[in-house]
Amino acid sequence: MKITEQWLKKESACLEGISWFNKQEERDGVEVMKRLITKEHLNWANWLCVRLMTHKQQIQYAVYAAEQVIEIYETKYPDDKRPREAIELAKKYIEYPSKKNRVAAYAAANAAYAAANAAANAAVNAANVDIKKRILEYGIKLLRKPDGS
């Protein structure tokens, strides 16, 4: 997908991000993401990645990201199985996208979020740059799939 300043504004990009975008030449979404990663603008790369994805890709990306840091959470809260259950139900929804599986995955995700909000923030902050880059590379891989799935 080609990125434009107009598209960034429509998607509510921050002014600093729009300014950065306008100062460089690349317009292809995946290539812009690569440049953002190279420049260590990982939060901007993640913001762009999610907006370029289909709904299914967003779920796949979220599952992958959660799996990269779940051990951090489980080390801190070994008895709380809700985040892992939410991951498994999301995987089931990806494979079998029925209304029943969507509702179950959504409910599990809400329960996990309610239980883990503070710990999840700690896990994200503890995640090193290599983990963040690995997650973004997976996002690029998803975006390159020809069928968009």
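This report concerns the structure included in the present document. (Residues numbered from 1 in each chain as written. Predicted model: local features only at pLDDT ≥ 70, side-chain atom pairs only at ≥ 80, totals over all residues. Heavy atoms only, no water.)

**Thoughts on the side chain of Asp 80**
Piece 1. Mapped onto the elements of the fold, Asp 80 is located in the loop between helix 5 (55–76) and helix 6 (82–95).
Piece 2. In this structure Asp 80 comes out as buried when scored by relative accessible area, which is 13%.
Piece 3. Here the side chain of Asp 80 touches Tyr 73 through a polar contact of 2.5 Å, side chain to side chain. (Helix = DSSP H or I, 4+ residues; strand = E, 2+ residues; numbered from the N terminus. Buried < 20%, exposed > 50% of the residue type's maximum accessible area, 1.4 Å probe, protein only. Polar contact = N/O pair within 3.5 Å; in protein donor to acceptor, adjacent residues only side chain to side chain.)

**Some thoughts on unusual backbone geometry**
Piece 1. For Ser 12, which is not glycine, the phi dihedral falls at a positive 65°.
Piece 2. When you line up the elements, Ser 12 lands in the loop between helix 1 (5–10) and helix 2 (15–22).
Piece 3. Accessibility expressed as a relative area gives 58% for Ser 12, which makes it exposed.
Piece 4. The phi dihedral of Glu 40 falls on the positive side, at around 65°, and the residue is not glycine.
Piece 5. Looking at where Glu 40 falls in the secondary structure, it is placed in the loop between helix 3 (29–38) and helix 4 (42–52).
Piece 6. Here Glu 40 falls in the partly exposed class, since its relative accessible area comes to 44%.

**Structural notes on the layout of surface pockets**
Piece 1. Roughly 180 Å³ of internal volume is contained in the second largest pocket.
Piece 2. Lining the second largest pocket are 14 residues, with Leu 8, Ala 13, Gly 17, Trp 44 and Trp 47 positioned closest to its centre.
Piece 3. Listed by contribution, the elements that provide at least two residues to the lining of the second largest pocket are helix 2, helix 3 and helix 4.
Piece 4. Element by element, the count of residues in the lining of the second largest pocket is highest for helix 2, at 4 residues.
Piece 5. Classifying every residue of the lining of the second largest pocket by side-chain character gives 12 nonpolar, 2 polar and no charged. (1 Å grid on protein atoms, 1.4 Å probe; cavity = no way out; pocket = protein on both sides within 12 Å on 5 of 7 lines; lining within 4 Å. Points joined across faces, edges and corners; volume = space filled by probe spheres on them. Nonpolar A, V, L, I, M, F, W, Y, C, P; charged D, E, K, R; others polar.)

**Brief notes about helix 2**
Piece 1. Among the residues making up helix 2, those that are buried are Gly 17, Ile 18, Trp 20 and Phe 21. Burial along helix 2 is one-sided: seen end-on, the buried residues are contained in an arc of 160°. Summarising the geometry of helix 2, the exposed residues directed more than 90 degrees from the buried face are Leu 15 and Glu 16.
Piece 2. Looking at the packing, one finds that the buried side of helix 2 touches helix 1, helix 3 and helix 4. (Arc of directions from axis to C-beta. Contact = heavy atoms within 4.5 Å.)

**What about the packing of helix 4 against helix 5?**
Axis angle and axis distance: for two packed helices, these are the angle between their axes and the distance between the axes, and together they describe the pair.
Piece 1. Closest axis-to-axis distance for the helix 4/helix 5 pair is 8 Å, and the angle between their directions is 140°. Relative to helix 5, helix 4 is oriented oblique. Contact residues: helix 4 offers Asn 46, Cys 49, Val 50 and Leu 52, while helix 5 offers Gln 57, Gln 58 and Tyr 61.
Piece 2. A breakdown of the residues in the contact of helix 4 with helix 5 according to their chemical character gives 4 nonpolar, 3 polar and no charged. (Axes fitted to C-alpha atoms, helices over the stretch in contact; angles between N-to-C directions. Parallel < 35°, antiparallel > 145°, perpendicular 65-115°, else oblique.)

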